[in-house]
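Structural characterization, general
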Amino acid sequence: ELSALYEEVSATEEALHDQYKLLVQSEERYRLAMDGANDIVWDWDIQRDLVVWSDKMQQLLGVRQPLRTMKESGAFVHPEDFPLLVEQQKQYLRHPGAFFVGAFRLRTTRGYRWFRMRAKALWDAEGKPLRMAGSLADITEEREQSERIWRLAYNDALTGLINRVRFREVLDEKIQQPA
């Protein structure tokens, strides 16, 4: 009996060792993907309000300790953007959908920069959100380019004043408004 029990324990130990090796390989792939990604990757346990950010987040914000909660992370969101971001997030979590997408500014070591958040949540059987994971992509250059194009399209290059096209649009908007 002891010999059979020993063989069983040995086989179990070998299976556990194989599973451990697979887990280590999976962790290495995960870490490599997170480090190689251009975006900041995150995972939020909604029930406990614990968030894990890729290391790029600490570097971007210039903080020494990792941010552990969404409340801590929210302190870096621009004050004008924070209420809208929170409301959009609440709406998404109340009404499960395909993906959450939002844009906001974060206070970084280089000043405020624009980011696009894309995320997906998991809900339990009763529809209660359990966790949410996603990425943050720096879209500052995109936003600045769009603003430059808009200015060129609607402002006179020499004076900076609105051009005829924009003037007509503004005039039409004012005429449409009730008195």
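We now turn to the structure provided with this report. (Residues numbered from 1 in each chain as written. Predicted model: local features only at pLDDT ≥ 70, side-chain atom pairs only at ≥ 80, totals over all residues. Heavy atoms only, no water.)

**Remarks on helix 6 (residues 164-176)**
Each turn of an α-helix holds 3.6 residues, which means side chains three or four residues apart point in the same direction. With 13 residues, helix 6 should cover 18 Å at 1.5 Å per step; its first-to-last C-alpha distance of 18 Å lies within 8% of that length. At the N-terminal boundary of helix 6, the capping side chain belongs to Asn163, with an oxygen 3.2 Å from the backbone nitrogen of Val165. (Helix = DSSP H or I, 4+ residues; strand = E, 2+ residues; numbered from the N terminus. Expected span 1.5 Å × (residues − 1). Polar contact = N/O pair within 3.5 Å; in protein donor to acceptor, adjacent residues only side chain to side chain.)

**Topic: unusual backbone geometry**
One non-glycine residue with positive phi stands out, namely Asp49, at about 50°. Along the chain, the position of Asp49 falls in the loop between strand 1 (40-45) and strand 2 (50-53). A relative accessible area of 24% places Asp49 in the partly exposed class. (Buried < 20%, exposed > 50% of the residue type's maximum accessible area, 1.4 Å probe, protein only.)

**Topic: the side chain of Thr69**
With respect to the helices and strands, the residue Thr69 is situated in the loop between helix 2 (55-61) and helix 3 (70-74). Side-chain polar atoms of Thr69 contact the backbone nitrogen of Glu72, separated by 3.1 Å. In this view, Thr69 contacts Asp49 and Val51; residues no more than four positions away in its chain are not counted. (Contact = heavy atoms within 4.5 Å.)

**Side note on the packing of aromatic side chains**
Counted under the stated rule, the structure contains four aromatic pairs. On the basis of an interplanar angle of 55° and a centroid distance of 5.8 Å, the ring pair of Tyr92 and Phe100 is categorised as tilted. Judged by its relative accessible area of 7%, Tyr92 is buried. Seen from their ring centres, Trp150 and Tyr154 are 5.0 Å apart, and the 45° between their planes marks the pair as tilted. Placement of the pair is Trp150 and Tyr154 together in helix 5 (residues 140-154), with a separation of four residues, close to one helical turn. (Phe/Tyr/Trp six-rings, centres within 6.5 Å; stacked < 30°, edge-to-face > 60°.)

**Considering the pattern of salt bridges**
Scanning the model with the defined rule gives 11 salt bridges in all. The shortest N-O distance in the salt bridge between Arg113 and Asp138 comes to 2.8 Å. Of the two residues, Arg113 sits in strand 4 (residues 111-123) while Asp138 sits in strand 5 (residues 129-138), which places them 25 residues apart along the sequence. We classify Arg113 as buried; its relative accessible area is 9%. Ionic pairing is found between Arg116 and Glu142, a salt bridge with its closest N-O pair at 3.1 Å. With Arg116 in strand 4 and Glu142 in helix 5, this pair connects stretches of sequence that are 26 residues apart. Arg116 gets classed as partly exposed once you look at its relative accessible area, which sits at 33%. Residues joined by salt bridges that share partners form a network here, namely Arg110, Arg113, Asp138 and Glu141. (Salt bridge = Lys/Arg side-chain N within 4 Å of Asp/Glu carboxyl O.)

**Things to note about the environment of Arg105**
Within the fold, Arg105 resides in strand 3 (residues 100-108). It is 8.7 Å that separates the C-alpha atoms of Arg105 and Phe82, two residues lying 23 residues apart in sequence. Not counting residues within four places of it along the chain, the set of residues in contact with Arg105 comprises Phe76, Val77, His78, Glu80, Asp81, Tyr112, Arg113 and Trp114. Polar contacts involving the side chain of Arg105 include one to the side chain of Glu80, which spans 3.2 Å. For Arg105, the side chain forms a polar contact with the side chain of Asp81, separated by 2.8 Å.

**Side note on a nonpolar patch on the surface**
Taken together, the side chains of Ile162, Phe167, Leu171 and Ile175 make up a nonpolar region of the molecular surface, amounting to roughly 390 Å² of accessible area. Tracing the chain through its elements places Leu171 in helix 6. (Patch = residues over 30% accessible without salt bridge, like charges linked within 9 Å, V, L, I, M, F, W, Y side chains within 5 Å. Areas by Shrake-Rupley, 256 points an atom, 1.4 Å probe, with all protein chains shown as cover.)

**What about the pairing of strand 4?**
Inspection of the sheet shows strand 3 paired to strand 4 by nine bridges, in the antiparallel sense. Counterpart to Phe100 in the pairing with strand 4 is Ala119. Between strand 3 and strand 4, which pair antiparallel and follow one another directly, the connecting turn spans two residues. One ladder, built from nine bridges, connects strand 4 with strand 5; its direction is antiparallel. Looking across to strand 5, one finds that Trp123 is bridged to Pro129. Between strand 4 and strand 5, which pair antiparallel one after the other, the connecting turn spans five residues, and Gly127 there sits at a positive phi close to 85°. (Pairing = 2+ DSSP bridges.)

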